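Understanding the architecture of this molecule
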Number of protein chains: 2
Amino acid sequence: MKKEILYCDVVDKKKSKIINKTRLYKHKGNFTWHRVKTEKYKTDSGDWAKIVRKVLIGNHNESTKFHLRYFEIAPGGYSSFEKHKHEHVVIGIRGKGKVLCNTKNYQLNFLDTLYIAPYTPHQLINPFHEPFGFLCIVNAKRDNPKILTKFK
Amino acid sequence: MKKEILYCDVVDKKKSKIINKTRLYKHKGNFTWHRVKTEKYKTDSGDWAKIVRKVLIGNHNESTKFHLRYFEIAPGGYSSFEKHKHEHVVIGIRGKGKVLCNTKNYQLNFLDTLYIAPYTPHQLINPFHEPFGFLCIVNAKRDNPKILTKFK
């Protein structure tokens, strides 16, 4: 008997696996989602502190040209100060935080949306007393960041 | 004198215009943003009602492989019932709504994130009494939707 293809699925015959399945990632409250795990911000330790990463779109063989991640920076935490060719789109959804972009500082509150252009040195910082959470959208294919040193 | 290139800008020499400028789209409250206009959902009238569109990322020569839009459906409104090759990522941020995806109905509440796979017939509906607002991310290069008729 032929295997029935489920609704909303597309089968990649070469790889014999189901890709691109329609899926709901339900918000469980407190900025956690069903079927989305919490990961370290980066695998290597380095010039960053107190951040976690949750990949909402990009880990399940989706064919989107973009990935959607949620990052949360605890009070006192910060991301790497870095630059790269690929852009960021950052949308504040929890608390508030600061974004250093070149020599300019932005404050990001709920739903403020920041487009960070290619090769812009940037860093996200939480100097406040509540968690700072934001969505971050990037191209699926992207270059590696170059870590920078401040004040050089 | 040579024209100075501003911070965060990249100049496209062929077209002699500035592209990819780092920009903050500040949330003004009530799901409106500075420098983001409110548009019609689609230019043609058709099988949809009571929706507006705000393009947050995609209208300013960004080189992202994706566009970010905010849609809002007033009570009683709905989007076209349609399908296309390109995927949607939909994130509820205001009120709640329903998403018909093939024959399945999803409810979308705050921060629920729905991945709609290629060629999935879908429609977003607001049967509730408050506005239903959601972010929708799509590939920048995408095919045109095919409008469908229900119950065929």
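In this text, all values refer to a predicted model and were calculated from it rather than measured experimentally.

Looking only at helices and strands, chain A features zero helices and 16 strands. Among the 152 residues that make up chain A, the fraction classed as buried is 50%. Residue pairs in contact within chain A that sit at least 24 positions apart in sequence constitute 61% of those at least 6 positions apart. Here chain A displays about 8,200 Å² of accessible surface, and carbon together with sulfur accounts for 53% of that area.

With that settled, consider the pattern of salt bridges. Residues and elements named next belong to chain A. The tally for this structure, following the rule as stated, stands at six salt bridges over all chains. Its salt-bridge partner being Glu82, residue Lys42 comes within 2.6 Å of it at the nearest N-O pair. Here Lys42, found in the loop between β6 (39-40) and β7 (49-57), pairs with Glu82, found in strand β9 (residues 82-83); they are 40 residues apart in sequence, far enough to count as distant. Taken as a pair, Lys42 and Glu82 share a single burial class, namely buried. Notably, a salt bridge pairs Glu72 with Arg94, separated by 3.0 Å at the nearest N-O pair. With Glu72 in strand β8 (residues 66-78) and Arg94 in strand β10 (residues 88-94), this residue pair connects regions lying 22 residues apart in the sequence. For the pair formed by Glu72 and Arg94, the shared burial category is buried.

The next point concerns the interface of chain A and chain B. Contacts between the two partners involve 46 residues from chain A and, on the opposite side, 46 residues from chain B. Across the chain A-chain B interface, the total number found is two salt bridges. Linking Lys26 of chain B and Asp112 of chain A is a salt bridge whose minimum nitrogen-to-oxygen distance equals 2.6 Å. Joining chain A to chain B, the criterion identifies 22 residue pairs in polar contact (both at pLDDT 80 or more). Taken together, the elements giving at least two residues each to the side of chain A that touches chain B come down to β3 (23-25), β7, β8, β10, β12 (104-108), β13 (113-116) and β15 (132-139) of chain A. Looking at the side of chain A that touches chain B residue by residue, the classes come out as 27 nonpolar, 12 polar and seven charged. When β13 of chain A meets strand β3 (residues 23-25) of chain B, the two strands line up antiparallel, connected through three bridges. Bridge pairing links Leu114 of chain A to Leu24 of chain B in β3 of chain B.

Within the element layout of this structure, Asn20 of chain A appears in the loop between β2 (17-19) and β3. Each C-alpha atom, one on Asn20 of chain A and one on Glu62 of chain A, is 4.9 Å from the other, the two residues being 42 residues apart in sequence. A polar atom in the side chain of Asn20 of chain A sits 3.0 Å from the backbone nitrogen of Ser63 of chain A. A polar contact is formed between the side chain of Asn20 of chain A and the side chain of Tyr115 of chain B, at a distance of 2.6 Å.

A rotation about an axis combined with a shift along that same axis relates the two copies of the chain. Each copy of the sequence occupies a distinct position, and chain A is placed on chain B by a rotation of 180 degrees and an axial shift of 0.0 Å, giving an RMSD of 0.0 Å. This pairing of chains is accounted for by a two-fold axis. When the interface residues of chain A are mapped onto chain B, 100% of them again fall at the interface, so both copies present the same face.

This paragraph deals with unusual backbone geometry. Located in the positive-phi region is Lys50 of chain A, a residue other than glycine, with phi close to 60 degrees. Classification of Lys50 of chain A by relative accessible area gives exposed; the value is 52%. Although it is not a glycine, Asn102 of chain B adopts a positive phi angle of roughly 60 degrees. Within the secondary structure, Asn102 of chain B sits in the loop between β11 (97-101) and β12 (104-108).

Attention shifts here to the pairing of strand β7 (residues 49-57) of chain B. Side-chain direction in a regular strand flips from residue to residue, so the side chains alternate between the two faces of the sheet. Alignment of strand β6 (residues 39-40) of chain B against β7 of chain B, held across two bridges, turns out to be antiparallel. Its bridge partner lying in β7 of chain B, Glu39 of chain B is registered against Arg53 of chain B.

A few words now on the packing of aromatic side chains. In the structure shown here, the tally under the stated rule is 14 aromatic pairs over all chains. Here the aromatic residues Tyr41, Trp48, Phe71, Phe132 and Phe134 of chain A are joined through ring pairs into a cluster of three or more. The ring of Tyr25 of chain B has Arg35 of chain B sitting right over it, with the charged end atom 5.6 Å from the ring centre. Taking the ring centre of Phe128 of chain B as reference, the NZ or CZ of Lys96 of chain B above it sits at 4.7 Å.

Residue and element names in this part refer to chain B. With the rule as written, the count across this model stands at zero disulfides over all chains. As a non-bridged cysteine, Cys136 has Cys101 as the owner of its nearest cysteine sulfur, 13 Å distant. Owing to a relative accessible area of 3%, Cys136 belongs among the buried residues under this scheme.

Mapping Leu100 of chain A onto the fold places it in strand β11 (residues 97-101). In this structure, Leu100 of chain A is in contact with Phe81, Asn105, Pro121, His122, Gln123, Ile125 and Lys150 of chain A, ignoring residues within four places of it in sequence.

Criteria and cut-off values
- Residues numbered from 1 in each chain as written.
- Chains lettered and ligands numbered in written order.
- Predicted model: local features only at pLDDT ≥ 70, side-chain atom pairs only at ≥ 80, totals over all residues.
- Heavy atoms only, no water.
- Helix = DSSP H or I, 4+ residues; strand = E, 2+ residues; numbered from the N terminus.
- Buried < 20%, exposed > 50% of the residue type's maximum accessible area, 1.4 Å probe, protein only.
- Contact = heavy atoms within 4.5 Å.
- Areas by Shrake-Rupley, 256 points an atom, 1.4 Å probe, with all protein chains shown as cover.
- Salt bridge = Lys/Arg side-chain N within 4 Å of Asp/Glu carboxyl O.
- Polar contact = N/O pair within 3.5 Å; in protein donor to acceptor, adjacent residues only side chain to side chain.
- Nonpolar A, V, L, I, M, F, W, Y, C, P; charged D, E, K, R; others polar.
- Pairing = 2+ DSSP bridges.
- Least-squares fit on C-alpha atoms with pLDDT ≥ 70 in both.
- Phe/Tyr/Trp six-rings, centres within 6.5 Å; stacked < 30°, edge-to-face > 60°.
- Lys NZ or Arg CZ within 6 Å of the ring centre and 35° of its normal.
- Disulfide = S-S within 2.5 Å.

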